[in-house]
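Here is how the chains run, residue by residue.
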Amino acid sequence: MKKRLPVIIGIVLTIVIAFLYGNTKKTHGIYDNNVNTAVYSGIGVLAEGETVTQTFICQEDKLDGFSIKSDVSGNYGAATVFLKVMNAETGEVLTEGQESGGNVKARKLHYYKVPTISDCKGKTLILQVSESNTTATDGVSLYYQPSSETGKLLVKNSSVSGTFVMKTVTERFDLETFAVMLFSEWFIWGFLWFLYRLFK
């Protein structure tokens with residue numbers, strides 16, 4: 001029993017680590033992730049009253065936020081980014097959130113968290129993004145990916161052929177991530193055990 005105790009402890013620890021790793025932010029991109037980022041078009045900083053709206057279909061049972069391609073310029077720390085999610089069929093506002101411009105990193109996919117929406121898998125939703133305390137050169141800049149798709153993206157009240165560079169984010173346990181991590185841990189552990197027995 002004493003000889004098996006380290007093995008049992010090792011197995012339990014690997015399962016616990018894999019479980020913690022499996023609690024992740026599951027994302028679904030609405031744009032083509034295989035397209036070179038060099039083709040992205042900048043929307044620029046949104047002035048008061050200007051918005052970006054993107055229609056999309058939610059792929060998860062719940063929605064916790066969005067990972068949006070963002071950049072910063074000038075005195076961006078004073079800006080605030082507002083997000084509003086609506087039901088595309090009824091126009092009902094489902095959730096609203098905001099993020100300080102000072103938290104946004106340059107040229108990154110930034111996670112904008114919103115209060116959780118439940119029971120939304122398969123539903124057509126609209127994300128509306130706006131800003132306050134901005135100027136033409138001070139604030140958070142956003143991007144879209146030009147494409148032949150029309151009717152789903154509005155930039156500053158004008159229809160644009162393209163897709164907003166964003167991913168939906170759901171904070172949940174992901175079985176696939178858990179399984180991959182657990183297999184990797186056990187493979188490394190087994191390989192080290194093999195080496196130990198080989199050179200013992």
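The preceding data block contains the structure.
Residues numbered from 1 in each chain as written. Predicted model: local features only at pLDDT ≥ 70, side-chain atom pairs only at ≥ 80, totals over all residues. Heavy atoms only, no water.

> What am I meant to see in helix α2 (residues 175-199) here?
An α-helix turns once per 3.6 residues; consequently, residues spaced three or four apart project the same way. With 25 residues, α2 should cover 36 Å at 1.5 Å per step; its first-to-last C-alpha distance of 36 Å lies within 8% of that length. Of the residues making up α2, those classed as buried are Thr177, Phe178, Leu182 and Glu185. (Helix = DSSP H or I, 4+ residues; strand = E, 2+ residues; numbered from the N terminus. Expected span 1.5 Å × (residues − 1). Buried < 20%, exposed > 50% of the residue type's maximum accessible area, 1.4 Å probe, protein only.)

> I keep staring at the side chain of Asp174 and nothing clicks. Help me out?
Here Asp174 lies in the loop between β13 (166-173) and α2. By relative accessible area, which is 6% here, Asp174 ends up buried. Within the structure, Asp174 has its side chain in polar contact with the side chain of Arg172 (distance 3.5 Å). In this structure Asp174 touches Gly22, Thr24 and Lys26, once residues within four positions along its chain are discounted. (Polar contact = N/O pair within 3.5 Å; in protein donor to acceptor, adjacent residues only side chain to side chain. Contact = heavy atoms within 4.5 Å.)

> So what exactly am I meant to see when it comes to the sheet that holds strand β8 (residues 124-132) here?
Backbone-to-backbone hydrogen bonds pair the strands of a sheet. The strands run either parallel or antiparallel. Sheet architecture is open: 6 strands sit in the order β6-β5-β8-β3-β10-β11, paired in antiparallel fashion. Either end of the sheet is taken by a strand with one partner, and the two such strands are β6 (93-100) and β11 (158-160). Neighbouring strand axes in the sheet, compared pairwise and without regard to direction, differ in orientation by 20° on average. Pairing between strand β3 (residues 51-57) and strand β10 (residues 153-155): 3 bridges, direction antiparallel. Counted as the bridge partner of Val52 is Val155 from β10. (Pairing = 2+ DSSP bridges. Axes fitted to C-alpha atoms, helices over the stretch in contact; angles between N-to-C directions.)

> For this particular structure, what's the right way to read the packing of aromatic side chains?
The geometry of two aromatic rings is summed up by the distance between their centres and the angle between their planes. Applying the stated criterion to the full structure yields 4 aromatic pairs. Ring centres of Tyr31 and Tyr40 lie 6.4 Å apart, and the angle between their planes is 90°; this geometry places the pair in the edge-to-face category. What makes Tyr31 buried here is its relative accessible area of 8%. Both rings, one in Phe173 and one in Phe178, keep their centres 5.6 Å apart while their planes meet at 50°; by these two values the pair is tilted. (Phe/Tyr/Trp six-rings, centres within 6.5 Å; stacked < 30°, edge-to-face > 60°.)

> What should I look at first to understand the pattern of salt bridges in this one?
Any two side chains of opposite charge can pair, given that their charged atoms come close. Under the definition given, this model contains 7 salt bridges. Residue Lys113 is joined to Glu171 by a salt bridge in which the shortest nitrogen-to-oxygen separation is 3.3 Å. Of the two residues, Lys113 sits in strand β7 (residues 108-118) while Glu171 sits in strand β13, which places them 58 residues apart along the sequence. Assessed through its relative accessible area of 43%, Lys113 is described here as partly exposed. Several salt bridges share partner residues, and in doing so they unite Lys26, Glu60, Arg172 and Asp174 into one network. (Salt bridge = Lys/Arg side-chain N within 4 Å of Asp/Glu carboxyl O.)

> Honestly, the pairing of strand β4 (residues 62-73) in this entry has me stumped. Any pointers?
The two faces of a sheet get side chains in turn, since along a regular strand they alternate between them. Of all 12 residues making up β4, 10 are buried, and the element is well covered by its neighbours. In this sheet, β7 lies alongside β4 in antiparallel orientation, the contact comprising 8 bridges. Along β7, the bridge assignment pairs Gly65 with Lys113. In this sheet, β13 lies alongside β4 in antiparallel orientation, the contact comprising 4 bridges. Residue pairing in the sheet places Phe66 in a bridge with Thr168 of β13. In the sheet, β4 pairs with strand β9 (residues 139-146) via 4 bridges, with the strands oriented antiparallel. Paired with Asp71 across the two strands is Ser141, which belongs to β9.

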